[in-house]
Amino acid sequence: MEALEFIRERNTLSPLKGPQHRQLKAFVGHWRIEGESCIGASRVPVMGEEVYEWLEGGFFLVNRFDRHVGATHFTGMGWISYDAITRTYLSYSISNSGFLRIYEVEISDHQMILSGETERATIKLSPDRETLYIYWDECHDGTNWHSLCNLRGYLQKANLVE
């Protein structure tokens, strides 16, 4: 019920776009993804694509991913939003594996850090904005973080509609 109250409160306010929304623009694009997933001591190849694009209106950055980790197929979608009341970015993600994940997000110069209870990611853009470096870690004991995957994204198409 608390979540519904949170949403109802936000829906009574008129949203305004600001510089916080513009900071997300650097990640917009269609990316070809490759790298490896770290499963125990094994390294499993990862191939796929990831798309970041604006939902019409420019308030939400929507992302979709479609990847093969070895023989396993993962697909999903999500969005990143900025809450002017709490002054925080949040990322919501769902996948074909049945998970709904919510991450707190920090944005700085061409870098995005997602922090969740058991997963975290650092997503960095190269200075020429042609390569995306994605590092995911996981933690199962509340203390020790381990590499989950290391990926590179190569820009295929930029300037998806704002």
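Pairing is antiparallel in the closed barrel, where ten strands are placed in the order E1-E2-E3-E4-E5-E6-E7-E8-E9-E10. Between one strand and the next, the sheet's axes are offset by a mean angle of 25 degrees, whatever the strand orientation. Across five bridges, strand E7 (residues 111-115) lies against strand E8 (residues 119-125) in antiparallel orientation. Bridging across to E8, Leu 114 finds its partner in Ala 121.

This part takes up the pairing of strand E5 (residues 88-95). When you tally the buried positions in E5, you get six out of eight residues, the bulk of the element. Summarising the sheet, strand E4 (residues 72-83) and E5 pair through eight bridges and their orientation is antiparallel. Each bridged residue has a counterpart across the sheet, and for Trp 79 the counterpart in E5 is Tyr 92. Count of turn residues in the E4/E5 antiparallel hairpin: four residues, of which Arg 87 carries a positive phi of about 55 degrees. Bridging between E5 and strand E6 (residues 100-108) involves six bridges; their strand directions are antiparallel.

The rules behind each value
- Residues numbered from 1 in each chain as written.
- Predicted model: local features only at pLDDT ≥ 70, side-chain atom pairs only at ≥ 80, totals over all residues.
- Heavy atoms only, no water.
- Pairing = 2+ DSSP bridges.
- Helix = DSSP H or I, 4+ residues; strand = E, 2+ residues; numbered from the N terminus.
- Axes fitted to C-alpha atoms, helices over the stretch in contact; angles between N-to-C directions.
- Buried < 20%, exposed > 50% of the residue type's maximum accessible area, 1.4 Å probe, protein only.

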